[in-house]
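Observations on the model geometry
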Amino acid sequence: MSIEDDVALLERVPTLRLLGNTALRMLAIGSEQRDFARGDQLFNAGDEADAGYVVQRGAFRVEDGGAEIIAGPGALIGELALIVSMQRPSSAVAIEHSSVIRVARSLFQRVLESDPAAARRLRDELATRTSQLASDILMAGAKLST
């Protein structure tokens, strides 16, 4: 895939789209592509998380305890690892021949440092999500206590 193809793929990811074309181009240039055969592990729960992965083609089963989702093309797996140092809370395995763009946290942070406006847009989006999540939790708690 070309850099333009990678930029187009990154633009499909809502969180990354906020960063703008210049930042996406820097991410596309600095990231790496990885291929996986069916059954290959992308990562395991408990692994050190130092990158996020955007699915280029194929699909991955992401399991977090009992919950499971299928992440296909354009999905960002491990979003939080782009921002904070942590251990993986879930495992991900390729369910068919698949490829991802690996975006290292160090690269993501350098891009944000070089583009303060993109960093502000990301901060605002994460604040909105956190506020919505807190509201959802309060609503669920109120329903459970009635």
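Refer to the structure presented above.
Okay, so let's go over this structure. (Residues numbered from 1 in each chain as written. Predicted model: local features only at pLDDT ≥ 70, side-chain atom pairs only at ≥ 80, totals over all residues. Heavy atoms only, no water.)

So, about the layout of surface pockets. The computed volume of the largest pocket comes to approximately 390 Å³. Surrounding the largest pocket, 18 residues form its lining, V62, G78, E79, P89 and S90 being those nearest its centre. Those elements giving two or more residues to the lining of the largest pocket turn out to be β5 (60-64), β6 (67-71) and β7 (76-77). The element that contributes the greatest number of residues to the lining of the largest pocket is β6, accounting for four residues. Of the residues contributing to the lining of the largest pocket, the split by class is 12 nonpolar, two polar and four charged. (1 Å grid on protein atoms, 1.4 Å probe; cavity = no way out; pocket = protein on both sides within 12 Å on 5 of 7 lines; lining within 4 Å. Points joined across faces, edges and corners; volume = space filled by probe spheres on them. Helix = DSSP H or I, 4+ residues; strand = E, 2+ residues; numbered from the N terminus. Nonpolar A, V, L, I, M, F, W, Y, C, P; charged D, E, K, R; others polar.)

Time to look at helix α1 (residues 3-11). Three or more residues of α1 are buried, namely D6, V7, L9 and L10. Projection of α1 onto a plane perpendicular to its axis shows the buried side chains occupying an angular sector of 160°, all on one side. Residues of α1 that are buried sit in contact with α2 (14-17), α3 (21-30), β4 (51-57) and β10 (98-104). (Buried < 20%, exposed > 50% of the residue type's maximum accessible area, 1.4 Å probe, protein only. Arc of directions from axis to C-beta. Contact = heavy atoms within 4.5 Å.)

Mapped onto the secondary structure, D5 falls in helix α1. Residue classification places D5 among the partly exposed residues on the basis of a relative accessible area of 37%. For D5 and S91, which are 86 residues apart along the polypeptide, the C-alpha to C-alpha distance reads 27 Å.

A separate point is the pairing of β10. Extensive coverage of β10 is indicated by the burial of seven of its seven residues. Both faces of β10 are covered, namely the face carrying S98, V100, R102 and A104 and the face carrying S99, I101 and V103. Judged from the five bridges that link them, strand β1 (residues 32-36) and β10 form a sheet pairing that is antiparallel. Its bridge partner being in β10, E32 is matched across the sheet by R102. (Pairing = 2+ DSSP bridges.)

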